[in-house]
Amino acid sequence: PGGCPALCECSEPARTVKCVNRNLTAVPPDLPPYVRSLFITGNPLTDLPAGAFPAQRLPDLASLNLSGNHLRTVEAGSLALPALRQLDLSGNALVSFSPQAFGEGGSPLEELVLRGALRDHGVLLSLATLLQSGALRNLSRLELADNGLLLLPAGMFTALPALRQLDLSNNSLVGLRNVSFQGLGQLQSLNLSDNSLGVLWNSTLAQFRSLPALRHIVLGHNTWVCDCAIEDLVAWLKESDQVEGKEALTCASPDKMLGKALLKINGSDLNCSVPIDLPSQLQTSYVFLGIVLALIGAIFLLVLYLNRKGIKKWMHNIRDACRDHMEGYHYRYEINADPRLTNLSSNSDV
């Protein structure tokens, strides 16, 4: 107890242990109990099993850096540490992340860094389940940059009331319509730079306005589409002081607007002849089609009512014609069924 693992460097006064680039395939079992900051990086470590960091042996471990390893699996209970405040799993190709990784109860974790660690969609869903469970309600900083994310699971951040910094930069996000920022009353910084955002809809902008502490929003290097849909975003940019570097935001399409600053766009610059809210347009079309069909049905019933006598006579005529026709069939059937009439008919033919 109190010693240092053979492949690590320890500093008891600083309460720090570093196991960097030591070709470790498992977490050293003999970590000193005084450790508060632990660095295990650059190793071929692939799995974090349950109890990888025994809570009884490491009661003061507050900062854990596992970046740059080859971690693929984080099992349930592997990070159940009573004092853990900071966790860095960046640069690992995770394929399995248990929603119970921090144990059954809540975790005191305040900072979670997953830069480049969520390339697998299943891991993203597991993380969303973990966050939504409320197990990380103390989280104040969440970094999800460099993960190639296209869309985020709905309600992913709704159970993070203490969140102050959210980094979603350098992904491939194409929209935020399914993302709710409600309940993030402490959010101060939101980084959405280097994504594929073409527009921010009014529903998202309204959420930004409603967050009292949000004063730093980064939107640079996105593919803004400067058509009628951009009007709400432009109006918000002109009136808001939340966006950093908004003067540098420029249009990426269409070609005639390429490179134009969003803050310099006027209504006359946009082609608003075609409705841009396609779902609303389709809904209106369906309502109109229903009204037209109802009118056609009413006119048809009215015509039937006005011509009820003629229709009744026509139906009687059809009935009489069908009856005469059926009587003829019935007469021929009786002749064919009676052998005597059949012979008589044959002799008559001869």
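Parameters and conventions
Residues numbered from 1 in each chain as written. Predicted model: local features only at pLDDT ≥ 70, side-chain atom pairs only at ≥ 80, totals over all residues. Heavy atoms only, no water. Pairing = 2+ DSSP bridges. Helix = DSSP H or I, 4+ residues; strand = E, 2+ residues; numbered from the N terminus. Contact = heavy atoms within 4.5 Å. Core = buried A, V, L, I, M, F, W, Y, C linked by side-chain atoms within 4.5 Å. Buried < 20%, exposed > 50% of the residue type's maximum accessible area, 1.4 Å probe, protein only. Salt bridge = Lys/Arg side-chain N within 4 Å of Asp/Glu carboxyl O. UniProt positions renumbered as here; feature names shortened; annotations may be inferred. Arc of directions from axis to C-beta. Polar contact = N/O pair within 3.5 Å; in protein donor to acceptor, adjacent residues only side chain to side chain. Expected span 1.5 Å × (residues − 1).

A. Summary view of the sheet that holds strand β6 (residues 73-74). Taken together, the three strands give an open sheet; going across it, the order is β4-β6-β8, and neighbouring strands pair in parallel fashion. Where the open sheet ends on each side, the last strands, each with one partner, are β4 (47-48) and β8 (96-97). With two bridges joining them, β4 and β6 adopt parallel strand pairing. Directly across from Leu48, in β6, lies its bridge partner Val74.

B. The environment of Leu263, seen in detail. In this fold, Leu263 is placed in the loop between β16 (251-253) and α4 (278-306). Residues Leu263 and Trp236, 27 residues apart in the sequence, show an inter-C-alpha distance of 9.8 Å. Setting aside its immediate chain neighbours within four residues, Leu263 contacts Leu237, Lys238, Lys246 and Glu247.

C. Local environment of the nonpolar core. Counting 84 residues, the largest nonpolar core has Leu48, Phe53, Phe102, Leu142, Phe157 and Phe208 as the members making the most contacts within it. Looking at this core, the elements that each hand over two or more residues are β2 (16-20), β3 (37-41), α1 (121-132), α2 (202-210) and α3 (231-239). For this core, the element with the most residues is α1, which contributes six residues.

D. Looking closely at unusual backbone geometry. The amide bond that connects Ser253 to the next residue, Pro254, takes the cis arrangement and shows omega of -5°. Within the fold, Pro254 resides in the loop between β16 and α4. Of note, the phi angle at Asn170 is positive, near 55°, even though the residue is not glycine. Looking at where Asn170 falls in the secondary structure, it is placed in the loop between β11 (165-167) and β12 (189-191). The backbone of Asp194 sits at a positive phi, close to 60°, despite the residue not being glycine. On the secondary structure map, Asp194 appears in the loop between β12 and α2.

E. Structural context of the pattern of salt bridges. Within this structure, the stated rule accounts for nine salt bridges. We note a salt bridge from Arg85 to Glu110, for which the minimum N-O separation is 3.7 Å. On the criterion of sequence distance, the pair formed by Arg85 in the loop between β6 and β7 (86-88) and Glu110 in the loop between β8 and β9 (111-113) is long-range, its members being 25 residues apart. Salt-bridge contacts for Glu143 lead to Arg115; the nearest nitrogen and oxygen are separated by 2.4 Å. Here Arg115 lies in the loop between β9 and α1 and Glu143 lies in strand β10 (residues 141-143), a separation of 28 residues in the sequence. Using a relative accessible area of 7% as the deciding quantity, one classes Glu143 as buried.

F. Looking closely at the UniProt feature "transmembrane region" (unreviewed entry) in the protein chain. The feature "transmembrane region" (unreviewed entry), as annotated in UniProt, sits at residues 286-306 in this numbering. Here residues 286-306 is 100% helix and 0% strand, with 30 Å between the C-alpha atoms at its ends.

G. Structural view of the pairing of β3. In terms of burial, β3 is a largely internal element, four of the five residues being buried. Inspection of the sheet shows β2 paired to β3 by five bridges, in the parallel sense. Across the sheet, the residue bridging to Lys18 is Phe39, located in β3.

H. Quick look at α2. For α2, the set of buried residues is Thr204, Leu205, Gln207 and Phe208. End-on, the buried residues of α2 take up no more than an arc of 155°, which puts them together on one face. Here the buried face of α2 lies against β12, β13 (216-218) and α3.

I. Examining the side chain of Asp167 more closely. As for its position among the elements, Asp167 is in strand β11. Judged by relative accessible area, Asp167 falls into the buried class, the value being 14%. A distance of 2.7 Å separates a polar atom in the side chain of Asp167 from a polar atom in the side chain of Ser169. Setting aside residues no more than four positions away along its own chain, Asp167 makes contact with Arg115, Leu142, Glu143, Leu144, Ala145 and Asn191.

J. Focus on α1. Its 12 residues place the ends of α1 17 Å apart at the C-alpha level, agreeing with the 16 Å of an ideal helix rising 1.5 Å per residue. Among the residues making up α1, those that are buried are Val123, Leu124, Ser126, Leu127, Ala128, Leu130 and Leu131. Those residues of α1 hidden inside the fold are in contact with β8, β9 and β10. With a side-chain oxygen lying 2.8 Å from the backbone nitrogen of Gly122, the N-terminal cap of α1 falls on Asp120.

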